[in-house]
Amino acid sequence: MHRRHFLQCATGSLALLSASSTVTAAEGPVPATSPQTHVVEMTDGMIYDPEVITIAPGDTVEWITVGQMGHSVTAYEDELPEGASYWASGEFDSEDDARSGYPEGNVAKGETYSYTFDIEGEYGYFCVPHETIQMVGKVMVQEGGAPAKSGGASATAMGSGHGEGSHSGGEDPEHMGVAFQAHWVGIATFLGIFASLVFTFFFLKYNETPHSGYPKQK
Ligand SMILES: [Cu+2]
């Protein structure tokens, strides 16, 4: 009876433990997939920096005017993925409205415009006052965001990749450099010793050097 009660308690505790650990495990991945905000700078050089940005669905892009000059962030209506709604600074419903409505939708110095992209695909956009000088950009929305090789996640991927790269890649040349140095130092030392031995051999054999000849004859 006593023992059975203990077993029941133990089993109950175990069930509770595994239940709580399951909950913990389920909570784990949530922050990893939480939406991110990516910044694109609009400069006096009249560019979007970066010109092409790759993000994950649900991520937000925030455009900020870092120079003195104002810009717009205006979607090309024919460069929207299927099912995506029109977007532009100034909250216009169409590209025509955005073009004719400017300077409404202007993002002045220090101001920002943000848009959250939920649908995957490519979004082309432009700056109304500077479109003629090719102030255009692109937002690429794909599952997982930027691949390890390029884009926003590249900062992380390149960062860690760079770290690993400089670890193995950096270590090898360094190691080789030291090896080559030691190699040449070894050869030079060997030649030095060999030359000394040859000199000593001749000195001992003939008991003279080019400089000892004169005093010997005396
Ligand atoms: Cu512009």
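Residues numbered from 1 in each chain as written. Predicted model: local features only at pLDDT ≥ 70, side-chain atom pairs only at ≥ 80, totals over all residues.

Peer 1: I'm lost on the overall build of the chain in this one. Help?
Peer 2: Regarding its fold elements, the chain presents four helices and eight strands. Ordered by position in the sequence, the α and β elements of the chain form the string α-β-β-β-β-β-α-β-β-β-α-α. In the chain, once contacts between residues fewer than 6 apart in sequence are set aside, the share between residues at least 24 apart is 58%. (Helix = DSSP H or I, 4+ residues; strand = E, 2+ residues; numbered from the N terminus. Contact = placed C-beta atoms within 7 Å.)

Peer 1: Help me out: how do you make sense of the sheet that holds strand β4 (residues 60-65) in this one?
Peer 2: Strand-to-strand pairing in sheets goes through backbone hydrogen bonds, with the strands running parallel or antiparallel. Taken together, four strands build an open sheet; the order of strands is β2-β1-β4-β6 and the sheet is mixed. Each end of this open sheet is capped by a strand with a single partner; those strands are β2 (48-49) and β6 (112-116). Pairing of strand β1 (residues 37-42) with β2, which is carried by two bridges, proceeds in the antiparallel orientation. Residue pairing in the sheet places Glu41 in a bridge with Asp49 of β2. (Pairing = 2+ DSSP bridges.)

Peer 1: Any chance you could explain the pairing of strand β7 (residues 121-126) here in plain terms?
Peer 2: Each regular strand displays side chains that alternate between the two surfaces of the sheet. Bridge count between strand β5 (residues 74-75) and β7: two bridges; the pairing is antiparallel. Note on β7: the bridge partner recorded for Thr74 is Phe126.

Peer 1: Just checking my understanding: could you explain the pairing of β4 for this structure?
Peer 2: Burial of β4 is one-sided: the residues Val61, Trp63 and Thr65 facing one way are buried, the residues Thr60, Glu62 and Ile64 facing the other way are not. As judged from the six bridges shared by β1 and β4, these two strands associate in the parallel manner. Across the sheet, residue Thr37 finds its bridge partner in β4, namely Thr60. Relative to β6, β4 runs antiparallel, the two sharing five bridges. By the bridge assignment, Glu62 is partnered in β6 with Ser114. (Buried ≥ 20, exposed ≤ 12 C-beta atoms within 10 Å, placed from the backbone.)

Peer 1: Where do I start with the nonpolar core in this structure?
Peer 2: Note that soluble globular proteins tend to have their nonpolar side chains buried in a common cluster. In this structure, Ile55, Val61, Trp63, Ala88, Phe117 and Val139 are the most contacted members of the largest nonpolar core, which totals 23 residues. At the level of secondary structure, the elements contributing two or more residues to this core comprise β1, β3 (52-55), β4, β7 and β8 (136-141). At three residues, β7 tops the list of elements feeding residues into this core. (Core = buried A, V, L, I, M, F, W, Y, C linked by C-beta atoms within 7 Å.)

Peer 1: What's the story with the sheet that holds β7 in this structure? I'm lost.
Peer 2: In spatial order, the strands read β3-β8-β7-β5; together these four strands make up an open sheet with mixed pairing. On the outer flanks of this sheet lie β3 and β5, each paired with one strand and no other.

Peer 1: What am I meant to see in the confidence of the model for the chain here?
Peer 2: Low pLDDT means the predicted coordinates in that region are not meant to be read closely. Per-chain confidence: the chain averages 74 in pLDDT, with 54% of residues scoring 70 or above. A low-confidence stretch, residues 9-31 (pLDDT under 50), is modelled with zero contacts involving residues beyond four sequence positions or located in other chains. Per-residue pLDDT stays below 50 along residues 150-181; that stretch engages in 17 contacts with residues further than four places along the chain or on separate chains. (pLDDT = per-residue confidence, 0-100.)

Peer 1: What is the right way to read unusual backbone geometry from this model?
Peer 2: Backbone geometry follows two general trends: most residues other than glycine have a negative phi, and most peptide bonds adopt the trans configuration. Omega for the peptide link from Asp49 to Pro50 comes to 5°, which places this bond in the cis form. Mapped onto the elements of the fold, Pro50 is located in the loop between β2 and β3. The step from Tyr102 to Pro103 runs through a cis peptide bond, and the omega angle for that step is 20°. For Pro103, the position within the fold is in the loop between α2 (95-101) and β6. Its identity is not glycine, yet Met46 carries a phi of approximately 60°, on the positive side. For Met46, a count of 15 C-beta atoms within 10 Å translates into the label partly exposed.

Peer 1: What am I meant to see in the environment of Val61 here?
Peer 2: Tracing the sequence through the fold places Val61 in strand β4. Each C-alpha atom, one on Val61 and one on Thr37, is 5.6 Å from the other, the two residues being 24 residues apart in sequence. Beyond its immediate sequence surroundings of up to four residues, Val61 is in contact with His38, Val40, Ile53, Ile55, Ser114, Tyr115, Phe117 and Val139.

Peer 1: What is the right way to read the environment of Asp44 from this model?
Peer 2: Relative to the helices and strands, Asp44 resides in the loop between β1 and β2. Taking the C-alpha atoms as reference, Asp44 lies 9.4 Å from His71; in sequence the two are 27 residues apart. Beyond its immediate sequence surroundings of up to four residues, Asp44 is in contact with Gly67, Gln68 and Met69.

Peer 1: Hey, could you run me through the environment of Tyr115 in this one?
Peer 2: Within the element layout of this structure, Tyr115 appears in strand β6. With 27 residues separating them in the primary sequence, Tyr115 and Ala88 have C-alpha atoms 8.4 Å apart. Discounting chain neighbours no more than four positions away, the residues touching Tyr115 are Thr60, Val61 and Trp87.

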